[in-house]
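Residues per chain are reported as follows:
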Amino acid sequence: MAVDLLLGLQWGDEGKGKIVDVLTSNYNIIARFQGGPNAGHTLEFDGIKHVLRTIPSGIFHKESINVIGNGVVIDPVVFVQELDGLDQFNLDYKSNLIISRKAHVILPTHRLLDAASETSKGKAKIGSTLKGIGPTYMDKTGRNGIRIGDLELNNWKDKYRALANKHQAMINFYNVDIQYDLKEMETEFFEAVERLKELQFIDSEEYLNQALKSGKPILAEGAQGSLLDIDFGTYPFVTSSNTTASGACTGLGVAPNKIGEVFGIFKAYTTRVGSGPFPTELFDQVGDDMARIGHEFGAVTGRPRRCGWLDLVALRYACQVNGVTQLNMMKGDVLSGFKTLKVCTAYKYKGEVIKHLPYNIEEENITPIYTEFEGWTEDLTKMTEASQLPKQLNDYIDFLEKELEIPITIVSVGPDRTQTINR
Ligand code: IMP
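Because the structure is predicted, anything quoted here is derived from the model rather than measured.

J.: What am I meant to see in the overall build of the protein chain here?
T.: Counting its secondary structure elements, the protein chain contains 12 helices and 20 strands. A globule of 423 residues ought to have a C-alpha radius of gyration of about 22 Å, and the protein chain, at 21 Å, matches this closely. Along the first, second and third principal axes, the C-alpha atoms of the protein chain reach 65 × 50 × 40 Å. Residues counted as buried form 58% of the 423 residues belonging to the protein chain. Expressed as a percentage of contacts within the protein chain between residues at least 6 apart in sequence, the contacts between residues at least 24 apart total 77%. If you sum the accessible surface of the protein chain, you get close to 17,900 Å²; carbon and sulfur atoms cover 50% of it.

Written out as structure tokens, the structure is:
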């Protein structure tokens, strides 16, 4: 039995939540392995739209167990808000949602540090979601962090106080104007911790490996996207975890030889929130139309997403780093009605044509080289079979499969669970 992986191949927001939800019935366990409440996984079914932040997207399937792995960072305050949001669905999360003791806790002062750090960067800011992700991972690697397992100890508040005091000194050092009432934030935080403690904390690496031994299939759910990976993304405009396949091994404690299928999720075009390079970004009416038709606004921050053509150089790179075995193309329906579509197949880089992602993809170094495709006008959103897809879309898909040498097994034609075409 293997752990299958589901990962975003671009800058996040590819629609991973929807596909996890669609695939969940094939798995006993859904496990999140990195990131935190900077993620916003949107699911739609039965006319309901719901956004998850930290909780795995399998939560809506009553039979599945949802694991939050050691690689995740958890903000108790956001987490209990998420639990409250689930109340309307009558889910038994005390038994089917379990948390690794080795996951790290986001403290109120981590959020403040995020804000102080971003403010101090001025124009060079990363565009962080300000959820405290970076500072929490810094404390993890700095070996100062508080883990979920610590919350079971009687003296954890002493450790909390020492760390929060240190953070306050750091916030003062930044010398920027951010307004906050730490007392109030702490009251909310301590209350949330007590609620969080009603859930099961486990040694999740042991749990997952035993589950594999007893033949239970597991789906590991990534957050953000490959180009936001701390090592392989567009550094420094990245998040603070390994969003790529290797992050699933370290974020869950499963060995590389236990990984099975790797589902790579990408949009039929490209979007990005936050700052950083984006070679195929559009600044014209076409980009505005993509944003409007695709409802491209951040699920966590509500910020408008930057839009552009599909970038095969970046996608090929992401497929390689992740070892993608199957591709899922999202939001094909958004491209209906565009007269001409473009796909970037190579970059002109310092006078040369290259097909790999170089160290530096800043705008001034890169000119995308495009192949053009005829668009289609048909509305895809009611289609249910691959045979119904228009010829021009099939040409587009065939071209991508040939370039990437990986089959596109799912084409998503709308946000709802049912708007999913298997090929
Ligand atoms: P952070 O992880 O909140 O510090 O944000 C770092 C960068 O990653 C920023 O550009 C964010 O906009 C981006 N980012 C973080 N999480 C997501 C996500 O779930 N989707 C898309 N972008 C994200």
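Further notes follow.
J.: Which parts of the structure should I look at to understand the side chain of Thr109?
T.: Tracing the sequence through the fold places Thr109 in helix 4 (residues 108-121). Setting aside chain neighbours within four positions, we find Thr109 in contact with Ala164, His167, Ile171 and Leu182.

J.: Would you mind going over the environment of Glu352 with me for this structure?
T.: Counting through the fold element by element, Glu352 comes out in strand 17 (residues 352-354). Between the C-alpha atom of Glu352 and that of Phe201, which follows or precedes it by 151 residues, the distance is 53 Å.

J.: Would you mind showing me how to read the pattern of salt bridges here?
T.: Should their charged atoms come close, side chains of opposite charge can pair. Going through the model one piece at a time under the given rule, you end up with 21 salt bridges. Among the salt bridges present, the one from Asp21 reaches Arg417, with a minimum N-O distance of 2.6 Å. One end of the pair, Asp21, is in helix 1 (residues 16-23); the other, Arg417, is in the loop between strand 19 (408-412) and strand 20 (420-422), and 396 residues separate them in sequence. With a closest N to O distance of 3.0 Å, Asp84 and Arg195 form a salt bridge. In this pair, Asp84 is assigned in helix 2 (residues 76-86) and Arg195 in helix 7 (residues 182-196), connecting sequence segments 111 residues apart.

J.: I tried to follow helix 6 (residues 156-174) on my own but got confused; where do I start?
T.: What sets the pattern is the α-helix's 3.6 residues per turn: residues three or four places apart point alike. With 19 residues, helix 6 extends 27 Å between its outermost C-alpha atoms, agreeing within 8% with the 27 Å of an ideal straight helix rising 1.5 Å per residue. Listing the buried residues of helix 6 in full gives Trp156, Tyr160, Leu163, Ala164, His167 and Ile171. The buried side chains of helix 6 occupy one side of the element, clustering within an arc of 105 degrees when seen end-on. Of the exposed residues in helix 6, the ones pointing more than 90 degrees away from its buried face are Asp158, Asn172 and Phe173.

J.: Explanation requested: the site of the ligand in the structure shown.
T.: In the neighbourhood of the ligand, 15 residues make up the surrounding shell, with Asn38, Ser128, Thr129, Thr239 and Arg303 lying closest. Here a nitrogen atom of the ligand and a side-chain polar atom of Asp13 are 3.1 Å apart. A distance of 2.9 Å separates an oxygen atom of the ligand from a polar side-chain atom of Asn38. For the shell around the ligand, the per-class residue count stands at six nonpolar, seven polar and two charged.

J.: Got a minute to help me understand the domain arrangement of the protein chain in this structure?
T.: Buried accessible area, meaning the area lost when the parts come together, often serves as the stated size of an interface. Assigned domains of the protein chain: these are domain 1 (3-100 + 202-263), domain 2 (104-196) and domain 3 (266-422). The gap between the C-alpha centroids of domain 1 and domain 3 is 23 Å. Carbon and sulfur atoms supply 59% of the area that domain 1 and domain 3 bury against each other, a total of about 3,100 Å² over both sides. Among the residues domain 1 hides against domain 3, the three largest losses belong to Leu9, Trp11 and Lys18. Together they make up 23% of the total. A salt bridge links Asp13 to Arg305, with the nearest nitrogen and oxygen atoms 3.3 Å apart. In this structure, the connection of domain 1 to domain 3 is made through 20 residue pairs in polar contact (both at pLDDT 80 or more).

J.: Hey, could you run me through the environment of Glu186 in this one?
T.: Residue position: Glu186 is located in helix 7. Take Glu186: its relative accessible area is 5%, and that puts it in the buried class. For the pair Glu186 and Leu199, spaced 13 residues apart in sequence, the C-alpha to C-alpha distance is 20 Å.

J.: Explain the sheet that holds strand 11 (residues 259-267) to me, please; I cannot follow it from the model alone.
T.: What holds strands together in a sheet is hydrogen bonding between their backbones, with the strands either parallel or antiparallel. Spatial ordering of the open sheet is given by 9-7-5-2-10-1-11-15-19-20, a layout of 10 strands whose pairing is mixed. Of all the strands in the sheet, the pair left with one neighbour each is strand 9 (200-202) and strand 20. Ignoring which end each strand starts from, the neighbouring axes of this sheet average 25 degrees apart. As paired elements, strand 15 (residues 326-330) and strand 19 share three bridges and run parallel to each other. When the bridges of strand 19 are listed, Met329 appears paired with Val411. Packing of helix 9 (residues 245-252) onto the sheet brings it into contact with strand 1 (3-8), strand 2 (29-32), strand 10 (218-221) and strand 11, and relative to strand 1 it is tilted by some 125 degrees.

Analysis parameters
- Residues numbered from 1 in each chain as written.
- Predicted model: local features only at pLDDT ≥ 70, side-chain atom pairs only at ≥ 80, totals over all residues.
- Heavy atoms only, no water.
- Helix = DSSP H or I, 4+ residues; strand = E, 2+ residues; numbered from the N terminus.
- Rg over C-alpha atoms; globule rule 2.2 N^0.38 Å.
- Buried < 20%, exposed > 50% of the residue type's maximum accessible area, 1.4 Å probe, protein only.
- Contact = heavy atoms within 4.5 Å.
- Areas by Shrake-Rupley, 256 points an atom, 1.4 Å probe, with all protein chains shown as cover.
- Salt bridge = Lys/Arg side-chain N within 4 Å of Asp/Glu carboxyl O.
- Expected span 1.5 Å × (residues − 1).
- Arc of directions from axis to C-beta.
- Near = heavy atom within 4 Å.
- Polar contact = N/O pair within 3.5 Å; in protein donor to acceptor, adjacent residues only side chain to side chain.
- Nonpolar A, V, L, I, M, F, W, Y, C, P; charged D, E, K, R; others polar.
- Domains from an automatic or database assignment.
- Buried area = accessible area lost by both parts, 1.4 Å probe.
- Pairing = 2+ DSSP bridges.
- Axes fitted to C-alpha atoms, helices over the stretch in contact; angles between N-to-C directions.

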